[in-house]
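Next come the chains, spelled out residue by residue.
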Amino acid sequence: MRHVLIILLSALLTTCGVQPTLLEEVRAQGELRVVTRNSPITYFIGQAGPEGPDYDLLQGFADHLGVKLKLVEADRFGDLLSEVESGRAHLAAAGLTVTAERARRVDFGPPYQQVSQSLVHHRGRKAPRSPADLVGKRIEVVAQSSYVETLTAARGKFPDLAWTEDPTADAGELLDRVARGEADYTLVDSNLFAIYQRYHPELRVAFNMTEGDALAWAFQRRGDRSLIDEAAAYLAGIRASGQLAHVMDRYYGHKATFDYAGTRKFMRDYQTLLPRYRKQFEAA
């Protein structure tokens with residue numbers, strides 16, 4: 001029945017000589033196709049099913065449109081924009097920072113979160129104070145990320161600044177490497193660090209390379225802002241109702257209460273104390 005409606009709508013609009021808008025296409029197809037990445041700041045499978053900040057917002061947007069949400073995971077971070085440019089996805093939602101370079105390839109919707117790019121190091125190492133202290137150090141970042149753009153800009157002032165771009169790793173994996181001493185530093189968004197610090201309490205932020213970066217969804221550039229405008233209306237509505245703040249508090253509300261000693265004790269208890277009572281918890 002859905003396919004019949006799509007055909008009828010296309011025929012009607014073609015007869016009238018009017019090209020359907022992207023918003024009309026989405027509603028006619030009955031699904032919102034979104035490309036994303038598996039990450040604690042975007043989308044992941046939790047104990048109760050799919051969750052994550054972007055997932056919660058996307059599911060709300062799909063409900064707002066009256067369509068089903070269809071998520072496609074990109075193998076690499078660099079594939080996100082390509083999926084949108086090709087039209088295989090209606091939008092990309094993966095904690096994407098709005099940058100001038102990306103804005104030449106896609107159109108961005110309104111920001112839904114502000115973050116900073118934090119330079120992270122192991123607490124056992126001397127903390128650098130500025131980009132000048134990074135020269136000659138092992139810096140690893142996600143390939144084709146906004147972190148590469150930031151470091152490239154910094155190299156204009158410090159020509160000897162060098163780094164390694166990993167095309168397959170995500171920011172979480174690079175934080176693991178810094179925690180194990182396999183890399184000196186990495187760059188991650190502040191919201192991601194707030195979550196991963198719970199798993200790696202030995203990591204610290206030396207300083208922020210950028211401040212107030214906007215995160216937004218990316219849409220195909222096609223001279224049609226109908227879907228972007230609808231997303232803007234949806235985000236404005238949940239911001240006014242407090243629902244957006246509720247989503248952010250659910251995933252990031254803990255970051256103001258981080259306690260190094262308490263986190264280390266919890267991790268020890270998880271490894272030594274929990275096994276004694278696991279069967280009782282599962283039975284209950």
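Above this note sits the structure.
These lines cover the structure that appears in this document, whether it is placed above or below.

Moving on, we come to empty space enclosed by the protein. Empty space left among the atoms is revealed by rolling a probe the size of a water molecule over them. What the rule picks out here adds up to 1 cavity of 30 Å³ or more. A volume near 280 Å³ is recorded for the largest cavity. In terms of lining, the largest cavity is formed by 22 residues, of which the most central are Ile-41, Phe-77, Ala-94, Ala-171 and Leu-192. When residues of the lining of the largest cavity are traced back to their parent elements, those giving at least two are α6 (146-155), α7 (171-180) and α8 (190-196). Class assignment for the residues of the lining of the largest cavity results in 10 nonpolar, 8 polar and 4 charged.

Time to look at the sheet that holds strand β1 (residues 31-36). Strand order across the open sheet formed by 5 strands is β4-β1-β5-β12-β6, with mixed pairing between neighbours. The sheet is open, and its two borders are formed by β4 (68-73) and β6 (106-108), each paired with just one other strand. Bridging between β6 and strand β12 (residues 218-220) involves 3 bridges; their strand directions are antiparallel. By the bridge assignment for β12, Phe-108 is matched with Ala-218. Running over the sheet, helix α3 (residues 53-65) touches β1, β4 and β5 (91-92) and is turned about 145 degrees from β4.

Okay, the sheet that holds strand β11 (residues 203-215) next. Taken together, the 5 strands give an open sheet; going across it, the order is β9-β8-β10-β7-β11, and neighbouring strands pair in mixed fashion. Each edge of the open sheet is held by one strand with a lone partner, namely β9 (164-166) and β11. Sheet twist, expressed as the mean angle between neighbouring strand axes with direction ignored, is 25 degrees. Taken together, the 9 bridges between strand β7 (residues 113-122) and β11 define a ladder with antiparallel strand orientation. Counted as the bridge partner of Val-120 is Val-205 from β11. Each of β7, β8 (139-142), β9, β10 (185-189) and β11 touches α6; the most contacted strand, β8, lies at about 135 degrees to it. Along the sheet, α7 contacts β7, β8, β9, β10 and β11; its crossing angle with β10, the most-contacted strand, is approximately 145 degrees.

Before going further, it helps to spend a moment on the packing of α3 against helix α10 (residues 243-252). If you want to describe how two helices pack, look at the angle between their axes and the distance between the axes. Running from amino to carboxyl end, α3 crosses α10 at an angle of 155 degrees, the nearest separation of the two axes being 9 Å. Relative to α10, the element α3 is oriented roughly antiparallel. Both α3 and α10 take part in a crossing whose hand is right-handed. The segment α3 lies against α10, with Pro-53, Asp-56 and Leu-57 engaging Leu-244, Val-247, Met-248, Arg-250, Tyr-251 and Tyr-252. Its residues placed into classes, the contact of α3 with α10 shows 7 nonpolar, no polar and 2 charged.

Moving on, we get to the side chain of Glu-31. Position of Glu-31 relative to the elements: it lies in strand β1. It turns out Glu-31 is buried and unbridged, and the closest side chain with the opposite charge, Arg-33, is 4.1 Å from it.

Each value, and the rule that gives it
Residues numbered from 1 in each chain as written. Predicted model: local features only at pLDDT ≥ 70, side-chain atom pairs only at ≥ 80, totals over all residues. Heavy atoms only, no water. 1 Å grid on protein atoms, 1.4 Å probe; cavity = no way out; pocket = protein on both sides within 12 Å on 5 of 7 lines; lining within 4 Å. Points joined across faces, edges and corners; volume = space filled by probe spheres on them. Helix = DSSP H or I, 4+ residues; strand = E, 2+ residues; numbered from the N terminus. Nonpolar A, V, L, I, M, F, W, Y, C, P; charged D, E, K, R; others polar. Pairing = 2+ DSSP bridges. Contact = heavy atoms within 4.5 Å. Axes fitted to C-alpha atoms, helices over the stretch in contact; angles between N-to-C directions. Parallel < 35°, antiparallel > 145°, perpendicular 65-115°, else oblique. Left-handed = near helix turned anticlockwise from the far one by under 90°. Buried < 20%, exposed > 50% of the residue type's maximum accessible area, 1.4 Å probe, protein only. Lys, Arg positive; Asp, Glu negative; His and termini not counted. Salt bridge = Lys/Arg side-chain N within 4 Å of Asp/Glu carboxyl O.

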